[in-house]
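Topology and contacts: notes
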Amino acid sequence: MKRRQILQLAITSAAGLAFSPRLFAQDAPVQPLADDLFLIKIPGEANVVAQTTKDGVVLVDGASAAGADALMKAVAGLPGGAPVATLINTHWHPEQTGSNDLVGKAGKTILAQENTRLWLTTDVTYPWNGKTFKRLPKTAQPNKTFYTTGQLESGARYAYLPDCAHTDGDMYVQFQKQNVLVVGDVMCGEGWPVVDYATGGWIGGQVGALQRLQPLVDAGTRIVPARGPILTQADLKSQLQMYASLYQKLTTALNRGKSPGEAVADKPAKEFEAKMGNADEYIRRSFESLWGYLSPDA
Ligand SMILES: [Zn+2]
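Calculation notes
- Along each chain, numbering runs from 1 in the same order as the chain's sequence is written.
- Local features in this predicted model are restricted to residues whose pLDDT is 70 or higher, and side-chain atom pairs enter the listing and the counts only when it is 80 or higher, whereas totals over whole chains, interfaces and linings include all residues.
- With hydrogens and water set aside, each side-chain value is computed from the structure's full complement of heavy atoms.
- Because no water is among the atoms considered, metal sites can look incomplete, with donors defined as N, O and S atoms within 2.8 Å of the metal, or 3.2 Å for Na, K and Ca.
- Every geometry call rests on angle ranges, with four donors termed tetrahedral when all angles are between 85 and 135 degrees, four termed square planar and six termed octahedral when opposite donors are over 155 degrees apart and all others are between 65 and 115, and everything else termed irregular.
- Between buried and exposed lies partly exposed: a residue is buried under 20% and exposed over 50% of the maximum accessible area for its type, with that area taken using a 1.4 Å probe on protein chains only.
- For every residue, the predictor states its confidence as a pLDDT score lying anywhere from 0 to 100.
- Two residues qualify as a contact provided that any one of their heavy atoms is within 4.5 Å of a heavy atom in the partner residue.
- For salt bridges, the criterion is a side-chain nitrogen of Lys or Arg within 4 Å of an Asp or Glu carboxyl oxygen.
- The helix and strand labels rest on DSSP assignments: H or I over at least four residues marks a helix, E over at least two residues marks a strand, and numbering proceeds from the N terminus.

1. So, the coordination of the zinc ion
Reference geometry at the metal: tetrahedral coordination by four donors gives ideal angles of 109.5 degrees; octahedral coordination by six donors gives 90 or 180 degrees. Binding of the zinc ion to the protein goes through His-91 (NE2), His-93 (ND1), His-166 (NE2) and Asp-185 (OD), at separations of 2.1 to 2.2 Å. One can describe the donor arrangement at the zinc ion as irregular, given that its four donor atoms subtend angles of 92 to 168 degrees at the metal. With relative accessibility at 1%, the residue His-91 sits in the buried group.

2. With respect to the confidence of the model for the protein
Here the protein averages 91 in pLDDT, while 90% of its residues score no lower than 70. Every residue in residues 1-26 is under pLDDT 50, and counting partners more than four places away or in other chains gives five contacts.

3. Thoughts on the pattern of salt bridges
Tallied over the entire structure, the rule returns eleven salt bridges. With a closest N to O distance of 3.3 Å, Asp-123 and Arg-135 form a salt bridge. Of this pair, Asp-123 sits in the loop between α6 (114-120) and β7 (124-125) while Arg-135 is found in the loop between β8 (132-133) and β9 (144-146), placing the two residues twelve residues apart along the sequence. With relative accessibility at 29%, the residue Asp-123 sits in the partly exposed group. Connected through shared salt-bridge partners, Asp-123, Lys-134 and Arg-135 make up one network.

4. Overview of the environment of Leu-37
Positionally, Leu-37 belongs in strand β2 (residues 37-40). It is 9.7 Å that separates the C-alpha atoms of Leu-37 and Val-57, two residues lying 20 residues apart in sequence. Beyond its immediate stretch of four places on either side in the chain, Leu-37 contacts Pro-32, Val-49, Ala-50, Gln-51, Phe-175, Gln-178 and Val-180.

Below, the structure written as C-alpha cells:
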C-alpha cells in the first residue's frame, strides 16, 4: 500500500469507528437498565436514575444546578419520555438537589426523607473547610416527605437508611421488578466516599447501612451509587468488610486517645489504597465522625 492509501484507510476507519453504534452507546449519557428504567450520566454530574411511567418520569436524584438543563434534555429524549412527575432526593447535597427548583416551580412532587427536607430549609456550614450551603427557596424544598418507608405508584419502593452512612437523611430506592437498587452516596463507586458528619454521617453508619442493604440484593442486582459505575452484590460485600475493618481500627485509636493526625499517620487503610486511592482525608473525616457518636461527652 502506498502512503496515501494507508492514510485514506486510516481516515475511513476512524470515521467508521466514530459512527459505530457501540461507541455511540458508550458515549451516550443514557444507559438502559430495563425497558422503563435508565441510568443518566451527565459528564461531571452524579448519577441519576429515571423511570418512565404513564404518569410521567420518576427521577432518583436531580444532578447539580449546573447540570439541571442537560439532565432535563436527557429526560426529554428518553423512549417514552415525558415531563418529570416526581423527583426523589436521596439526600440533601447540592449534587443531588440541583433540579429541585425547576421541578418545584412546575408544581411537581419532590420526595425526600424528612431530615433531608429539614437540611434544605437551613444553611449548612462544613466545619472542616468552612464552606456554606444556602438553604433552598421554599418552592425547591421537598414537598412530600416520609419517615421510614413508602412506595410509588410505579412500583418503586423506598426506605430511610437510619444508620447515617453519609447524612442523617439517607434513603434508597428499590426497583424490584428491574432488580435495581439506587443508594445515593451511601455507597461510592469511585474512590473514598465523603463522610458528611456535619449533617450526621459517620463511619459506623456506613457499616450499618451496608448491612441493612445486604438482604435487598442478589447476584443479579445492579446497585447504582451516586458516583461511579454500577456496583454488584460482590462490591457490597467487599465494601462492607472494608468499612467494618476500618471502623474497628478507628474506634480502637479513639479509645486509645489518639488525635485525628495520629489516626491518619497509622495508615489504617493502607491495604486498600492501591485500589481506592490515598485514604488520608477519608480516614481523618471518619475518625472525626466518631466524636459525635462515641465520645463520652457526646
Ligand atoms: Zn452526598
